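Residue strings, one per chain:
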Amino acid sequence: MYPAPFDYVAPTSLEEAVEELAQRGDDARVLAGGQSLIPMMKLRLAVPAALVDINRVPGLDSIQEANGHLAIGALVRNNDIVDSDIVERTNHTVAAAAPWISDPIVRNRGTLCGSVAHCDPEGDWNSVMLAVGAEVVARSATGERVIPIADFIADFFTNTLQPGEMVTEVRIPKYTGRAGGTYIKLERKVGDYATAAVATHLQLEDDGRIAQAGIAMTSVAPINRKATEAEQMLVGQTPSAELFGEAAQAAANAADPETNVRGPAEYKRDLIRVYTRRGLAKALEIAQGS
Ligand SMILES: Cc1cc2nc3c(=O)[nH]c(=O)nc-3n(C[C@H](O)[C@H](O)[C@H](O)COP(=O)(O)OP(=O)(O)OC[C@H]3O[C@@H](n4cnc5c(N)ncnc54)[C@H](O)[C@@H]3O)c2cc1C
């Protein structure tokens, strides 16, 4: 099917892009990699009156280290993250997840910020962002605000951007001290969305106890879901296989999967339990080696 008719503008500066968004309000959508928006327009699941194509806006395509975080710009492609030495050195959860995003063709165009903005509960990035405690930078014609990821994800395919705002970057905390994390995903074939997946992150105190824990789940709820109770069970504790087993069970209890073509609900719930336990063990191994 062809998309419904729409206006198309391709601004060449950030100021011009946010001005276009301000003038068009709710009728406009940002076009980044187009890997989700264009298929949705062809299926008429999205019918925007105008597309603001940001691909010619300079300055949005870099990964930078700044003030204790990694700043990933709105035009950084998923394959840029796969290839990034900075990401490899500074955040294991992000580095582990990047090669799991679809296939190389989709990764060449699709952006991390576009995926974060899209809020598809089957998308991988928002689980990673929840586990590591990322922030989203939103820009409009009148200014900029920084939104914690948990406040940015509003609902199924819905974020908390206001009309006229766009995402310019996502800020990901850099690992400091003894920290580690990973992303474990089951997919039916290369390029498929997750049957279920779990992002984990651990930060250790000098005495080996857990200072911070992040766990979030993909494809098992109407939004990417943080396993808050499981995280709280870990903080302040000395890591052990038994503790990880209990936290993994709490994460599985927090999942709310549906039976669909990717498998029965109970199978997915058990995947969450197994992947959380494995993910925490891997995160600990990395943290203890760092
Ligand atoms: C065959 C196929 C398989 C896929 N498999 C996976 C997978 O396994 N895992 C996974 O996580 N994803 C998968 N995807 C999705 C892919 O990762 C997309 O790239 C991603 O969801 C959206 O990024 P994009 O840059 O293409 O965004 P677009 O398609 O351009 O935009 C998506 C939405 O986000 C909005 N948006 C984009 N950028 C911004 C911005 N800077 N500010 C405000 N709003 C913005 C758009 O307006 C639109 O509503 C798959 C896609 C395809 C086609």
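I will try to describe carefully the structure that is included in this document. This one's a predicted model, so the numbers in the text were calculated from it and none came from an experiment. (Residues numbered from 1 in each chain as written. Predicted model: local features only at pLDDT ≥ 70, side-chain atom pairs only at ≥ 80, totals over all residues. Heavy atoms only, no water.)

A count of helical and extended segments in the protein chain gives twelve helices and 14 strands. Taking 290 residues into account, the globule formula puts the C-alpha radius of gyration at 19 Å, and the protein chain, at 19 Å, falls close to it. Over its C-alpha atoms, taken along the principal directions, the protein chain stretches across nearly 55 × 45 × 30 Å. Taking the contacts inside the protein chain whose residues are at least 6 apart along the sequence as the reference set, 63% of them involve residues at least 24 apart. As displayed, the protein chain has an accessible area near 12,900 Å², and 48% of this comes from carbon and sulfur atoms. Computed over 27 positive and 38 negative side-chain charges, the inter-centroid distance for the protein chain is 5 Å. (Helix = DSSP H or I, 4+ residues; strand = E, 2+ residues; numbered from the N terminus. Rg over C-alpha atoms; globule rule 2.2 N^0.38 Å. Contact = heavy atoms within 4.5 Å. Areas by Shrake-Rupley, 256 points an atom, 1.4 Å probe, with all protein chains shown as cover. Lys, Arg positive; Asp, Glu negative; His and termini not counted. Charge placed at Lys NZ, Arg CZ, Asp CG, Glu CD.)

What follows concerns the packing of helix α11 (residues 241–254) against helix α12 (residues 265–289). Relative orientation of the contacting elements α11 and α12 amounts to 140°, with a least axis distance of 8 Å. Regarding the angle of α11 to α12, the classification is oblique. Of the two elements, α11 crosses α12, and the hand of that crossing is right-handed. Taking contact as the criterion, the partners of Phe 244, Gly 245, Ala 247, Ala 248, Gln 249, Ala 251, Ala 252 and Asn 253 in α11 are, on α12, Arg 269, Ile 272, Arg 273, Thr 276, Arg 277, Leu 280, Ala 281 and Leu 284. (Axes fitted to C-alpha atoms, helices over the stretch in contact; angles between N-to-C directions. Parallel < 35°, antiparallel > 145°, perpendicular 65-115°, else oblique. Left-handed = near helix turned anticlockwise from the far one by under 90°.)

What characterises a pair of aromatic rings is the spacing of the ring centres plus the angle enclosed by the ring planes. Within this structure, the stated rule accounts for one aromatic pair. Centroid distance Phe 156 to Phe 157: 4.8 Å. Interplanar angle 80°. Geometry classified as edge-to-face. (Phe/Tyr/Trp six-rings, centres within 6.5 Å; stacked < 30°, edge-to-face > 60°.)

Turning our attention to the environment of Leu 204. Structurally, Leu 204 can be placed in strand β12 (residues 196–204). Contact partners of Leu 204, with chain neighbours within four places excluded, come to Arg 178, Arg 209, Ile 210, Ala 211, Pro 239, Leu 284, Ala 287 and Gln 288.

Let's shift gears to the site of the ligand. Around the ligand there are 30 residues in total, and Val 30, Gly 34, Leu 37, Thr 111 and Asp 124 lie nearest to it. Separating an oxygen atom of the ligand from a side-chain N or O atom of Arg 29 is a distance of 3.1 Å. Taking Gln 35, its main chain carries an N or O atom lying 2.8 Å from an oxygen atom of the ligand. Alone, the ligand offers 970 Å² of accessible surface; in the complex the protein occludes 90% of this. (Near = heavy atom within 4 Å. Polar contact = N/O pair within 3.5 Å; in protein donor to acceptor, adjacent residues only side chain to side chain.)

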